[in-house]
Each structure stands twice: as structure tokens, then as C-alpha cells.
Amino acid sequence: MKQWWKQTTIYQIYPRSYQDSNGDGIGDIKGIISRLDYLKDLGIETIWISPMYVSPQKDFGYDIADYYHMDPIFGTVKEAFALIKAVHNRKMKIVFDMVLNHTSDEHAWFQESRSSTTNPKRDYYIWKKGKNGAPPNNWISMVGKPGWNYDEKTKEYYYSNFLSFQPDLNYRNPKVKEEMFNVMRFWMDKGVDGFRLDIFNSIYKDESFKDNPFSIRYLPTPDNNDEAYFQEKKYTLNLPENFKLAKEVRSLVEKYRHKPFLIGEVSGDDKTLKGFLGEKVDGLNLVFQFELIEFKFRADFFRRILLNNEIEFPAPFLPTYVFGNHDQKRSISKIDGHLEKAKLLAFFQLTARGIPIIYYGEEIGLLEGNISNQEGLDPIARQNRWVPDWLSKFLGIYLNRDNCRTPMSWDDSANNGFTSSKPWLPLSSDTKNRNVEIESKNPSSILNHYKSLLRIRNKERTLREGSIGLIDKWKEEKDLLAYEREWEDSKIQVYLNFGNFPREIYFDEAEYEILYKSYVADTFLLQSYSGMLLKKRKSKKWFSK
Ligand code: NOJ
């Protein structure tokens, strides 16, 4: 079977916030099923859904207590099977989230594991004795909290690289690996088309348990958490064993005829990312590249991303383009809710060489919520209640992930068509104007812009598979990013105007035709914050010369 994932487009659904079907204020599986036609019509092929398995929901699903069943708030396992089928009936694909690094502390394995030092499941997790009344070493978690958690019952510490209720599994125990591979087999047998692998770079910890070195860096960045909170995560992140595991998981999925794929949540420099992908792209199929999370709305910023990707991740590697997810501030709220600018971001994302990953709501310009750190339900917000909002804003740290998880906005009815009762999180502002229903009727809305671009991308192989290069004539321009995609004898040029002023782009009409303009204007005029796609006319060139 063809490696379909190489040309796909991914759309992330945060299930609690997408569509509620039973009136409890929380999104669910049936709700997602009811919105599949919307996604199909939008032009999406692959949906990735954040975890829906049984969970105490302390980290809203990223703390899993049973990988084989769905949490009742989302529905039943039968409904999950029905969802997989409903997706496939529409010739779409479905990717499940897979948390391999840790379970919930309410998982039966952990309950057994913590019950005594001799329990057969003791070694499923990472347990250590303390040193002179202190934790075994200085390791801190990815969120800057103590990594070791003292357990009164057996008077030892267990390790958690995220939050304390998410104990890390011990992959040095072959049984653990096998158990987790079985979980993946189970879902692939049911037809799941791939996995998004949660904090995959954290899975192995160094066997020597040496102290991590000191670092002068305090604040983490989305694309690099190797050094943060004054610690270099030398022995707790990005260990070579993780690269090896990437290849093992890849061999596991390769056995399936429907060619499921893997996309890893990892972080680090390009060399590290390549470690996960493998020299011959025989590790994870894709990794999230998070540089766009901190984008600058400037042509040269995006030019640098393109150039770097072609140097560091040339074909057969495939770059990924992601502006947001359920952990990061919404991209549109970084550009003051500006819809035209957001359209330009989408233009780039859907026409550059690589895989676009759209976060639900981006297609309608959904804004961040306005929930303070003190009111946040997110466990990260709960742990940082003492930090005033102004301080986290000033430091540029995102402490309340509730704000990027507010309900999807379907129409302008009482709860935006998301639920018939009180939504689990307050709605974002301006949803009277930013909703699917109203935007569907407006030809120049951001929603219709996404639709047009996705339609073109789905039709034009050049955009999905072609090579990419900057257009020489424009490569020094301050406000204009211009690149060309090429596949066999077909060429598509992309012009994006990041500047505050309109400009003229002259081209030979005998040679190129306009395929799409995000702002309709005279032939050669490119409005400020708008883009244009030109397609090379077939063989006409010969006659015109
Ligand atoms: C990364 C996920 O994206 C985040 O939402 C979650 O809290 C942590 N991993 C822990 O699983």
C-alpha cells in the first residue's frame, strides 16, 4: 500500500471541547462522529484525537488508567470502534494519541506496583530508595517540579517526568514494552491509522541515575525543553535508547497492511529530531517541529524555516508545520486576533513542502479563552496558582492551557452549538462572528479560505509531493515570501505578502495563471497580508514565445 501519510493533512481534535452529544457539557465520541462530514467537507484527511481512554482526568486524558477502554465521559469502546468505521467510510484516517511514557497513578499496574517492594509489578515503574533522607538524585520533571515522589507505604520514591500522578513506566523491563506494544496492536487491529506519541523523548531514563548537570537557562521553549529550570536534562530526555525505541515501534506498525504511521512529540535541536526519524527515515515517520509555535509574523522568519527544512530535512524527510495545539497559546491570539494575518499563516502551512497539522478552531479564527491562572482547571495552572497572570504574560510562559482548549464554535446559539448545557470551560470571546455557521456563508471568511486551500492541495499533486525552492528574483525581499513547488513538469508558485502595504507582482500571463488569491484584487496586485498561487500553464509557453 502507498505511503499515504506522506501526503496527508492532519487536524487535531481535543475531544472534551469539540462536540457534546449528551448534554453534560463535555465533548464526546458521538459528538465527533456527528462532525465528520464537516471535516470531510473542509478537506481534511487525517484526524488526530487527544486521549479518550479511561482516565481520572487529572490531566484531562493524558493520565490513562486503562488503555483498552474509553472513559465514560467520552463514550464506550464500541462507540470508538464506530468512530473508526465512520472515519473510514468517509475515506478519511484516524490517529489515536498514545501515552507510552507514563500511566495514571490509578492504573491497576501502578496500584499493584506501589503495594509492596516484592509485588511482580513493582518493576513496571521506576522505584528507588532515597539518599540520606533525600530523593535518589537531582532530577526534575519536564515542568520543573521534583521528579521523585516519596511513597509512604514502601518508603521509596517513584519517578515522574511530568506530573506526580503520572508515574513513568520502566521500559528497561521487557514486559512493560510488550504490554504497551500490545496496546498499540489492539488499536491497529481495530483499524487505527497511526499514533501521536506523547513525550516520546522522555521514555528512557539513564540507568546510572547520575545527577543532571546545572544549566543557566530557566525558561523552556516549545521546541526545546532539554535545558530548563536550571537543569540540563542530560539523563532524563533524548537518550539514545529512545532513538532505538523509535525504530522498534516503527517495525511494529510496518507489519500492518494499512500502513499506520507515527508522529512523535519530541523536542530538541535538529540533530535530535533526526535521531528520532532515523537516518533512513526508519524511525518515527514524522516528528512535530515546534518552531512555528513561536513564529514571528515576518517573511524572513518563514523563509528561514523553509531553507532550514530543506537543508536539515530534505526529502525523503518530511517537515511538519504546526502553529498550535492543546498545550500552546492559539496562534491567532499572538497576532491580536487578526483574521487576514491568520489566513496568511494558513497559506504558508498548506502550501509548503511537508505535513500541515491544524488545531481545531484555527480554521475559524477561534480566539484564546480568557481564564485566569487562578481559575484554571488545567493541572499546570493549578500548580501555579500563585503566579499572577501579568507575571506569566511578562515572562512569556503559558501556565493555563485551558485557554487554548475552549469549546469549538459551531454557530451563534447559546453555547455556540457545542453543548445544550453549561460547557466545561467558558467560551472564547467573539464567537458571534467566529463560528462555522456564519463563516460558511461568507465567501471571504477564514473558513472558506482554509477550504479553498485544502481543495487545491488535495487536487494538486505538486503541492502535496513536489519539491520546493525559493524564487530567485524575490529571495531578498523584506515583506514578500515567494517559493515554487515543482513536480514532474508542473509548477506552482506561492507569493505571500507579510507587509502592511499592497504590492504588485508582475508575471507573464501567457506562462502562468492565477490558481487562487486570498484577497481578490487586480491581476498583479497582492494585498497586504494576502497570498497568491500561480500555476504554470501547460505547454502554452511554447506558443507564446
Ligand atoms: C504532552 C501533552 O501534549 C500534554 O497535554 C500532557 O499534559 C503531557 N504530555 C503529559 O502527558
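- As recorded by an unreviewed UniProt entry, the chain carries the name Alpha-glucosidase and is attributed to Leptospira ognonensis.
- The UniProt entry for the chain carries this comment under Sequence similarities (unreviewed entry): "Belongs to the glycosyl hydrolase 13 family."

Considering unusual backbone geometry
Item 1. For the peptide bond that leads from A315 to P316, omega is 10°, which places it in the cis range.
Item 2. Among the structural elements, P316 can be located in the loop between α8 (299-312) and β14 (320-322).
Item 3. Notably, F230 is not glycine yet its phi reads approximately 65°, a positive angle.
Item 4. Inspection of the secondary structure assignment puts F230 in the loop between β10 (227-228) and β11 (231-232).
Item 5. Look at N238: it is not a glycine, yet its phi comes out positive at around 55°.
Item 6. Looking at the element boundaries, N238 is found in the loop between β11 and α6 (240-254).
Item 7. Classification of N238 by relative accessible area gives buried; the value is 12%.

Details of the packing of aromatic side chains
The geometry of an aromatic ring pair is captured by two quantities: the separation of the ring centres and the angle between the planes.
Item 1. Scanning the model with the defined rule gives 50 aromatic pairs in all.
Item 2. Here the aromatic rings of W127 and Y158 are separated by 5.5 Å at their centres, their planes lie at 65°, and the arrangement is edge-to-face. You can see W127 sitting in strand β6 (residues 127-128) and its partner Y158 sitting in strand β8 (residues 156-159), a full 31 residues away along the chain. Residues W127 and Y158 agree in their burial class; the two are buried.
Item 3. Look at F295 and F323: their rings are 5.6 Å apart centre to centre, the planes differ by 85°, and that puts the pair in the edge-to-face class. Of this pair, F295 sits in the loop between β13 (286-287) and α8 while F323 sits in the loop between β14 and α9 (339-351), and the two are 28 residues apart along the sequence.
Item 4. A relative accessible area of 9% means that F295 is categorised as buried.

Considering the domain arrangement of the chain
Item 1. With domains assigned, the chain is organised as domain 1 (108-159) and domain 2 (464-536).
Item 2. Its C-alpha centre places domain 1 at a distance of 57 Å from the equivalent point of domain 2.

Considerations on the UniProt feature "domain: Glycosyl hydrolase family 13 catalytic" (unreviewed entry) in the chain
Item 1. With numbering aligned to this structure, UniProt lists the feature "domain: Glycosyl hydrolase family 13 catalytic" (unreviewed entry) at residues 12-405.
Item 2. Taken end to end, residues 12-405 has its terminal C-alpha atoms 12 Å apart, with 28% of it in helix and 13% in strand.

Some words on the sheet that holds β14
Item 1. Spatial ordering of the open sheet is given by β13-β12-β9-β5-β2-β1-β15-β14, a layout of 8 strands whose pairing is parallel. Looking at the sheet topology across the chains shown, the edges are occupied by β13 and β14.
Item 2. Where strand β1 (residues 10-13) meets strand β2 (residues 46-49), 4 bridges bridge the pair, whose relative direction is parallel. In the sheet register, I13 faces β2, and the bridge partner there is I49.

Some points on the environment of K210
Item 1. With respect to the helices and strands, the residue K210 is situated in the loop between β9 (194-197) and β10.
Item 2. In contact with K210, other than residues within four places in its own chain, are N137, W139 and Y235.

Things to note about the pairing of β1
Item 1. Side chains of β1 alternate between two faces, with I10 and Q12 and Y11 and I13 buried alike.
Item 2. Strand direction decides the pairing type here: β1 and strand β15 (residues 355-359), joined by 3 bridges, are parallel. Each residue of the ladder has a partner; that of Y11, found in β15, is I358.

Quick notes on the site of the ligand
Item 1. Within the structure, the ligand sits among 13 residues, and D59, D198, H326, D327 and R401 are positioned closest to it.
Item 2. Between H326 and the ligand, the recorded distance is 2.8 Å, taken from a side-chain N or O atom to an oxygen atom.
Item 3. The fraction of the free accessible surface of the ligand (300 Å²) that becomes covered by protein chains is 98%.
Item 4. Classifying every residue of the shell around the ligand gives 3 nonpolar, 3 polar and 7 charged.

A closer look at the nonpolar core
Item 1. Of all hydrophobic cores here, the largest spans 137 residues; its most connected members are Y11, Y38, L39, I47, W187, F200 and F348.
Item 2. Counting the residues that make up this core, at least three belong to each of domain 1 (108-159) and domain 2 (464-536).
Item 3. Once residues within four sequence positions are removed from consideration, F348 is found in contact with L292, F302, I305, L306, Y321, F323, L481, Y483 and L496.
Item 4. Core analysis: the second largest hydrophobic core is formed by 11 residues, W474, L480, Y512 and M532 among them.

Quick look at the packing of α6 against helix α7 (residues 270-277)
Item 1. Contact geometry of α6 with α7 gives a least axis separation of 7 Å together with a crossing angle of 35°. The residues of α7 that touch α6, namely those facing N242, F243 and A246, are T272, G275 and F276.
Item 2. Looking at side-chain class alone, the contact of α6 with α7 contains 3 nonpolar, 3 polar and no charged residues.

Some words on the environment of E363
Item 1. For E363, the position within the fold is in the loop between β15 and α10 (379-383).
Item 2. Residue E363 is classed as buried on the basis of its relative accessible area of 0%.
Item 3. Measuring from C-alpha to C-alpha, the distance between E363 and L273 comes to 28 Å, with 90 residues separating the pair along the chain.
Item 4. Discounting residues that sit within four places of it in the chain, E363 has contacts with Y11, Y38, L42, M408, E439, I446, L447 and Y450.
Item 5. Among the polar contacts listed, one links the side chain of E363 to the backbone nitrogen of G361, at a separation of 2.8 Å.

Overview of the side chain of N238
Item 1. Among the polar contacts listed, one links the side chain of N238 to the side chain of D226, at a separation of 2.9 Å.
Item 2. One polar contact links the side chain of N238 to the main-chain carbonyl oxygen of S267, over a distance of 3.0 Å.
Item 3. Residues within four places of N238 in sequence aside, it is in contact with N201, D226, F243, S267, G268, T272 and F276.

Conventions we followed
- Residues numbered from 1 in each chain as written.
- Predicted model: local features only at pLDDT ≥ 70, side-chain atom pairs only at ≥ 80, totals over all residues.
- Heavy atoms only, no water.
- UniProt positions renumbered as here; feature names shortened; annotations may be inferred.
- Helix = DSSP H or I, 4+ residues; strand = E, 2+ residues; numbered from the N terminus.
- Buried < 20%, exposed > 50% of the residue type's maximum accessible area, 1.4 Å probe, protein only.
- Phe/Tyr/Trp six-rings, centres within 6.5 Å; stacked < 30°, edge-to-face > 60°.
- Domains from an automatic or database assignment.
- Pairing = 2+ DSSP bridges.
- Contact = heavy atoms within 4.5 Å.
- Near = heavy atom within 4 Å.
- Polar contact = N/O pair within 3.5 Å; in protein donor to acceptor, adjacent residues only side chain to side chain.
- Areas by Shrake-Rupley, 256 points an atom, 1.4 Å probe, with all protein chains shown as cover.
- Nonpolar A, V, L, I, M, F, W, Y, C, P; charged D, E, K, R; others polar.
- Core = buried A, V, L, I, M, F, W, Y, C linked by side-chain atoms within 4.5 Å.
- Axes fitted to C-alpha atoms, helices over the stretch in contact; angles between N-to-C directions.

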